[in-house]
Amino acid sequence: MFIHRLNTAIFLRAGTMAITAAALTTATSVSAMSAEEARAETQRIAMQYEQTMTHCRTLQGNMREICEEDAKGSQRVAQAERDLKLQGGAEHEYQVRLARAQADYRVAHERCNDMRGEAVKVCKRDAEQAYLRAQQDARIRQVEAPPAVSTDSTLAPLQTPPQAPLDNAAPLPPPAR
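Enquirer: Whenever I open this one, the overall build of the protein chain confuses me. Can you help?
Expert: A tally of regular secondary structure across the protein chain gives 5 helices and 0 strands. When the helices and strands of the protein chain are listed from N to C terminus, the series reads α-α-α-α-α. The contacts of the protein chain with a sequence gap of at least 6 include a subset with a gap of at least 24, amounting to 65%. About 12800 Å² of surface is accessible on the protein chain, with carbon and sulfur atoms providing 57% of the total.

Below, the structure written as structure tokens:
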């Protein structure tokens, strides 16, 4: 049973890392997708979700619940990334970060159910604090993000006041000792 849980945990972690790696590469290259590409991306997300849920149905107990939460979270993140690719902008980047934070929180919260006693409370509190930090980080990054299109008008060059010619200038006082 322990080996089965370990293999499942490795499978879930590998899937999460693959999705995260794909997210990093897609989030940096924002380009307009055609309607056909968007449809294909939506179908790919749905197919990947169904495959993962099929695997989750083979598991039992809390491992199944963890797997299902991971699959749902991965689907939400992939959909948010698709929207980012379609429309771009700081708001969609925020939605991707928020979806990742929520997915991580839900999986961590489910993992806490395997624990007993005081450890459950500590684990859930830690998961909630990590979620709140991730939310706060997402908000900060949204504020720090430069606007996609500049609405500023061009600035006029600075005008300097005219200066008196150097030969008519008053001598400088001697330095103080």
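Enquirer: It is not clear to me how the state of the cysteines should be interpreted in this structure. Could you clarify?
Expert: Each disulfide consists of one covalent bond between the sulfur atoms belonging to two cysteines. By the definition in use, this model includes 2 disulfides. Two residues share a disulfide in this structure: C56 and C67, whose sulfurs sit 1.9 Å from each other. Sign of the S-S torsion, about -75 degrees for the bond between C56 and C67, identifies this disulfide as left-handed. Note that C56 is positioned in helix 2 (residues 35-56) and C67 in helix 3 (residues 61-87), a separation of 11 residues in sequence. The side chain of C112 participates in a disulfide bridge whose partner is C123; the two sulfur atoms lie 1.9 Å from each other. Its S-S torsion of about -75 degrees marks the bond between C112 and C123 as left-handed, since a negative value means left-handed. Pair noted here: C112 is in helix 4 (residues 90-112) and C123 is in helix 5 (residues 118-144), with a separation of 11 residues, a long-range link. For C112, a relative accessible area of 0% translates into the label buried. Using a relative accessible area of 17% as the deciding quantity, one classes C123 as buried.

Enquirer: For this particular structure, what's the right way to read helix 2?
Expert: Residues three or four positions apart in an α-helix share a direction because the helix packs 3.6 residues into each turn. Compared with the 32 Å implied by 1.5 Å per residue over 22 residues, the 32 Å span of helix 2 between its first and last C-alpha is a close match. The complete set of buried residues in helix 2 reads A38, E41, I45, Y49, T52, M53 and C56. When helix 2 is viewed along its axis, its buried side chains cluster within an angular range of 105 degrees and face the same direction. In helix 2, those exposed residues whose orientation departs by more than 90 degrees from the buried face are E36, R39, Q43, M47 and Q51. Contacts made by the buried residues of helix 2 are with helix 3.

Enquirer: Would you take a moment to explain the pattern of salt bridges for this structure?
Expert: Think of it this way: side chains of opposite charge can pair up when their charged atoms draw near. Throughout the structure, instances matching the rule amount to 6 salt bridges. Here D83 makes a salt bridge to R82, at a shortest N to O gap of 3.3 Å. What makes D83 partly exposed here is its relative accessible area of 28%. For R82, a relative accessible area of 13% translates into the label buried. In this structure, a network of salt bridges that share partners links the residues E41, R44 and K85.

Enquirer: Honestly, the side chain of E69 in this entry has me stumped. Any pointers?
Expert: Secondary-structure assignment places E69 in helix 3. Setting aside residues up to four positions removed in sequence, E69 forms contacts with R106, V107 and E110.

Enquirer: Before we go on, may I ask you to explain the side chain of E110 in this structure?
Expert: By the secondary structure assignment, E110 is in helix 4. Beyond its immediate stretch of four places on either side in the chain, E110 contacts N62, E65, I66 and E69.

Enquirer: Would you take a moment to explain the packing of helix 4 against helix 5 for this structure?
Expert: In a pair of packed helices, the angle between the axes and the distance between the axes together describe the arrangement. Here helix 4 crosses helix 5 at 175 degrees, and the two axes come no closer than 9 Å. With respect to their mutual orientation, helix 4 and helix 5 come out roughly antiparallel. Each of A90, E91, Y94, R97, L98, A101, Q102, Y105, A108, H109 and C112 in helix 4 lies in contact with helix 5, whose residues at this interface are V120, C123, K124, A127, E128, Y131, A134, Q135, A138, R139, R141 and Q142.

Enquirer: Could you clarify how one ought to interpret the packing of helix 2 against helix 3 in this entry?
Expert: Contact pair helix 2 / helix 3: the axes reach a minimum separation of 9 Å and the direction vectors enclose 175 degrees. Compared by their axis directions, helix 2 and helix 3 come out roughly antiparallel. Along the contact surface, helix 2 presents A38, E41, T42, I45, Y49, T52, M53, H55 and C56, while helix 3 presents R64, C67, E68, A71, K72, Q75, A78, Q79, R82, K85 and L86. Among the residues making up the contact of helix 2 with helix 3, the classes are represented as 9 nonpolar, 5 polar and 6 charged.

Rules used throughout
- Residues numbered from 1 in each chain as written.
- Predicted model: local features only at pLDDT ≥ 70, side-chain atom pairs only at ≥ 80, totals over all residues.
- Heavy atoms only, no water.
- Helix = DSSP H or I, 4+ residues; strand = E, 2+ residues; numbered from the N terminus.
- Contact = heavy atoms within 4.5 Å.
- Areas by Shrake-Rupley, 256 points an atom, 1.4 Å probe, with all protein chains shown as cover.
- Disulfide = S-S within 2.5 Å.
- Buried < 20%, exposed > 50% of the residue type's maximum accessible area, 1.4 Å probe, protein only.
- Expected span 1.5 Å × (residues − 1).
- Arc of directions from axis to C-beta.
- Salt bridge = Lys/Arg side-chain N within 4 Å of Asp/Glu carboxyl O.
- Axes fitted to C-alpha atoms, helices over the stretch in contact; angles between N-to-C directions.
- Parallel < 35°, antiparallel > 145°, perpendicular 65-115°, else oblique.
- Nonpolar A, V, L, I, M, F, W, Y, C, P; charged D, E, K, R; others polar.

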